[in-house]
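Commentary on secondary and tertiary structure
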Amino acid sequence: MSDEDEFMQKARTGFEDLCRALNMDEEASSEAWKSYENINRNYTLEGSELHWLACALYVACRSSVPTVGKGTAEGNYVSLTRILRCSEQSLVEFFSKMKKWQDMASVPQDFRQSTEKLERNFTVSAVIFKKYVPIFRSIFKAPPEEPPRVHRSRKQRRHPCTVSEVFNFCWILFIHAKGNFPMISDDLVNSYHLLLCALDLVFTNALLCNARKDLLNPDFRGLPEEFGSKDYRPAPGSYCLLGKLCELNDGLVLEAKGVKEHFWKPFIKMLFHKRILKGREDTLTGFLDPMNFGDSFSSLSRVYEEHVLSTGSLDERIFTGEGANEDIGTPAPCLSGAPENQDSAAYRLHASLTATALKVSTPLSSRRYPPDPRLSSPVSSAIQSVGRLHSLLTGATQGPSAKLTQILRACARDPSDVISTRLKEMFQTFCQHYEDQSLEGPGMGKDVAVKFFRLGEALYYKMLEAIVEREKMILGEADLSGILEQDIFHGSLMACCLEIVIFSYRPPGDFPNILNIFKIQAYHFYKVIEVLVRAEQGLFREVVKHLNHVEETVVERLAWGSQSPLWDSLRNSKGQVPTCQEVMPPRYLEESEAAGGRSNSSPITPVTRGPDLSANSTLKGVSPSPTGLLDRYNSPPSAVAPHRRRLFVDTTDAQPTLVTVQIPLQGITFFPLQMIPGQGSTTLHPISAQALTGAISSPSPAPKPPSRPASVPLRKGSLSLFFRKVYHLASLRLRDLCSQLDISRELRQKIWSCFEYSLVHCTELLMNRHLDQLLMCAVYVMAKVTREDRSFQNIMKCYRTQPQACSTVYRSVLISESRRNLSDGSKVSKLKSPSTKTQEQGVNLRTPPSTPSSTSTPSTTSTPSTSSTSLMDQEERGDLICFYNQVYITPMRPFALRYSLSSPSAGAESPPLCPYPSVRCGAARRVQLSSKHCVYVSPHGTSGPATPPPPATTYTTTSATARRTASGRSTA
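Right, let's walk through the structure included here. Because the structure is a prediction, the values reported are computed rather than measured.

Rules used in this analysis
Residues numbered from 1 in each chain as written. Predicted model: local features only at pLDDT ≥ 70, side-chain atom pairs only at ≥ 80, totals over all residues. Heavy atoms only, no water. Helix = DSSP H or I, 4+ residues; strand = E, 2+ residues; numbered from the N terminus. Buried < 20%, exposed > 50% of the residue type's maximum accessible area, 1.4 Å probe, protein only. Areas by Shrake-Rupley, 256 points an atom, 1.4 Å probe, with all protein chains shown as cover. Expected span 1.5 Å × (residues − 1). Contact = heavy atoms within 4.5 Å. Axes fitted to C-alpha atoms, helices over the stretch in contact; angles between N-to-C directions. Parallel < 35°, antiparallel > 145°, perpendicular 65-115°, else oblique. Core = buried A, V, L, I, M, F, W, Y, C linked by side-chain atoms within 4.5 Å. Salt bridge = Lys/Arg side-chain N within 4 Å of Asp/Glu carboxyl O.

Our next topic: the overall build of the protein. Per the secondary structure count, the protein includes 35 helices and 12 strands. Here the protein holds 972 residues, and 54% of them are scored as buried. As displayed, the protein has an accessible area near 44,000 Å², and 51% of this comes from carbon and sulfur atoms.

Across its 19 residues, helix α12 (residues 293-311) extends 27 Å between first and last C-alpha, which sits within 8% of the 27 Å expected from 1.5 Å per residue. All buried positions along α12 are accounted for by F293, G294, D295, S296, F297, S299, L300, S301, V303, Y304, H307 and V308. On the buried face of α12, the contacting elements are α7 (163-179) and α11 (253-273). One or two steps after α12, the chain reaches G312, where phi turns positive at roughly 70 degrees.

What follows covers the environment of C738. In this fold, C738 is placed in helix α29 (residues 718-740). In this structure, the C-alpha to C-alpha distance between C738 and Y799, residues 61 residues apart in sequence, is 9.9 Å. Among all residues touching C738, those that are not within four sequence positions of it are I743, R748 and I751.

Turning next to the packing of helix α9 (residues 188-208) against helix α15 (residues 378-392). Across the interface, α9 lies against α15 with an axial gap of 9 Å and an inter-helix angle of 105 degrees. One element, α9, and the other, α15, form an angle in the roughly perpendicular class. The segment α9 lies against α15, with L188, V189, Y192 and H193 engaging P378, V379, A382, I383 and V386.

Core analysis: the largest hydrophobic core is formed by 261 residues, its most contacted members being W101, F430, F723 and Y888. Top element by residues in this core is helix α18 (residues 444-475). It accounts for 16 residues.

Two side chains carrying opposite charge are able to pair once their charged atoms lie near each other. Under the counting rule described, the total for this entry stands at 34 salt bridges. Taking the shortest distance from any N to any O, the salt bridge between E457 and R454 comes out at 2.9 Å. Taken together, the positions of E457 and R454, both in helix α18 and 3 residues apart, correspond to about one turn of that helix. E457 sits in the buried class, given a relative accessible area of 9%. R454 sits in the partly exposed class, given a relative accessible area of 29%.

Structure follows, in C-alpha cells:
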C-alpha cells in the first residue's frame, strides 16, 4: 500500500467516525466525501485532515433539503457547534479554513453569502460579549465562589437564582432576540443597543423584585438615590435604565429607544405570551422570582436551541460555556475578571478575524487617510459612525429646503414633482426588498427599511442642494433642467446616500446589493460618487474610504460585466478605447524611458504549475477632475457654453493673495491657498507647493510641465473620465506590485505598455473579468520575454498583500462561456474567447499597429442578449494560470514578442513605451473651513506655475484659541 493510499484510508476512517458521531445521513456523507477526494486530488491540504472533512460536511449538510411539509429547510439540522466539537476544531479556525474551502470547491455565491453572514454574526457577538462582561459586572455583584448547581427536579427548582445564572440568562435572552431579527443580527450598532435593552430589562426585574435586590451592585451609578436605605420601596410604574446605560457605556439614546420600541418590547411580550418567560405580562416583570426563574431559564434555553437547529445558525451560548476558549479559539472574557492573554496565537487570530469582518480596509488610493486613534474598538467605531451621520444630518429634512425649492422652481421645467414621485417608487422598492428578506415576521424588516430610507432621503436632499449649488458655480446662470431631469443621476444619488446610511450602521455596507435592489448599472452609479464627495465637505473619513472602495470595485470589476452600458458607450464612440496619454493630463504622467537598451530575452512558453497553489497560501484619490455633471452624464460632451466658468482658474493672469493656514494635523503642516480677484465674488483657490516654495525661497520660476504633444489631444467626456480612473487605479496597483517583486522602472514601464495594449486593443479580455487579472498576466509575460522571470506564484503572493486582493480573482477566472436557449433547451452556442478570433469576435476597438485594420462588426454571438428569460449562461472557469495559457497569451503574444531579440518577428527597434501615471500627492478636494466663509484648506500640490511672493496673511490654529498674525512678508 502506497503512502497516498494509507493516508486516504486513515482519512476515510476518521471521516466515518465523524459521521457516526454526528448521526449524518448517507446522502450528505457521500457528497462530502466526494468533494474531499476531488479537492485533495488537486490541492495540498495542510493541517488536520479532520478539519477539512468538517468543512466538506458543513457544505454538504447546509444544502437545502425537502421537508415533510411544504418547502425546504436549510440543512439537515446538524448543529455547527457539534460539527466543530466532534472535529476538535475551534470556531475561529473553522472560518479561516472555510474561506479556503469555498474557493477550492467553487461553492455557489448564495452559500458564500450565508457563510459570510454567519461569520459576521459570530464576530458581532464576540465583540459585544467583550462589552457585555464589564457592563454586567458594573450593574450586578461579583459572583462568589460557589459550587455548581446540581440538577434538580421540577418541584425542586424554587431556589433563588445566583449572579452567574443571571449572567447566563441575560446573555441567552439577548442572543435569542438577536437571532430572531436577521435584519439586525449582523448590525453592530443595533445589536449593541439590543444588549443594553436586555440589561435594562434584567436590572429592572432585579430592582422591582424584593427578594432579588441582593443581586445588584450597590456602587452602580444607575441605582435610585434611596436604594441604600432599609425602607426603600420601588416607585409604582415601570423603571427604565436605558438612558443611563447609554450615558455610561457610549450608547446612542435615540437609537437605543428605537430598538427597544420596534424590536425588543414586541419580542419580550411574545415570550411572556407563549409562557416561555413566566411573570407579569402587563409589566414584563417577575421572571427573576424564585417561583418563576427555573422554568423561565429552561424554557428559554430550549426554544433557543430549537431556533439554532432550525436555522443552521451558530449556538452562541459557547461564549459563556466552560470550554469557551477551546470552542471559540480565543481567550474570552469571563465573569470572574481574569485578564486575557493578548500574546497568544488564538487571540491574535481572533483579532485578525474581527478586523476583517468589521473594519473597512483602506484602498491603495486612500492610504493617505490614517486610522483614527480615537476609534479604539469596533463598537466605539460603529457608534461614532452613526453619531457622525446624525451630526451630518443636523437640520436636514425629508424634503427640499426652501433654498433648494427655489432653485428647482427657477428651472425652465420644475423637476420637483418628478423627484418626489421617483423617491416614492424607490421607497416602495426598498421596503419590499427588506420585507422579502425578513424572516422575523411582517413589519419587522420594513421597520429597518423605513428608518434607513428616511435617513437616506434627508441625506439625498442635502446632497442634491450642495451638488446643484456647485454646478451653478461652474455653469453660472445656465438652466439646470437638463441634468436635473436625468433619472440615472437621481437614482444613483439616492442609492449612494442609502449606501452611506447602511454603511454607517453596519460596515462594510451593502454594496453592490444596493444596485441590485434598484436595478442600477454600476457604470452609471460610479459617476455620482466623486460629485457627491466634492460637494459635501462634512463626510467623515470612514465614509470617504468606503466610497473610494465602492468606486474601485466598479472600476476593477463591475463595469466590465457583459451587460454593462460601458460596452454600448464604447460602440457609440466608434469603438475607440482611449490610451492613457489621451485621458491623463501631461502633469500626471512620468517622463517616458528611452525605448532602446533591450535586454536578452526569451520566447513565451506556457506556464507550468508550481506547488504554491495550496489551500494554505494564505474616493477619494481616484483621478481628481473638476468636471461637472454634464460632462459625466454625456459622452461625448456637449460644447462648452460661452458663459461657463472653469472650476480651477488659470492663475497665470491673476495676481493672487497668499494665505498660509497652519493646522497641527498628522503629516500635514501647511495648506497654501490663493485668492483670485475678478471672479465675481472673491474665492479662495489652491496654490501648489512648488509655487509656494518658489515664492519663498527662489526668485526664479519653477520649470513648467512638458506641454502635451499636438498629436495626442486630450479626450473629454464620461468615457474619458472612466478610463482615466481605470489607468490611475491600475498604475497604483502595478506600482505596488512591482515594488514588492523588485522590478526595475524600465521593466515596469514595459509591463505598463503591455497592460495598456491589452486594454486598448484586446478590450474584450476584460469582459466578465477583473482588472487585476490582466495586470498580473502583464507582469508575468513581460518579465518572461525580458528574461527577468517572476513566477505566477510569487506574483500572486505579492498580490495577496494588497488591500483589495481576493482569492477568487486568481482562483476563479472566466475561461469561456456558452449560452443555450431555454425555450427548447437544444440550441447551444459557444461564446468564443478573444484568444481564438480577436478581430472578429471581440470588442476589439482598435487594430494593433502590426496587423491590418479590421472593419467587421462584432459577432452577434459575442454580444450579450438583452433577454434574461430566453438564454442561460454556462461558464467554464479556471485559475489564473489556466486563463493565461488558454485565453490571454494568444492575442498578446505578437505584442510581447516585439520586446524579445530571439523572436523572428522582432523589428530593428523595440516599440515606444507608454507613459506611466505619476504618483499624486495631496487630496483631490478642498475642505471648506466654515460654511459662512469661502475659506478652504488644501494639501501641498506637486506641480504648478511659480508665482511671485505676494503679501501673506498667516493663520496659526492650535488647540487653544486661534491666533491671527499679519505681516507684509511670506512666512514658513
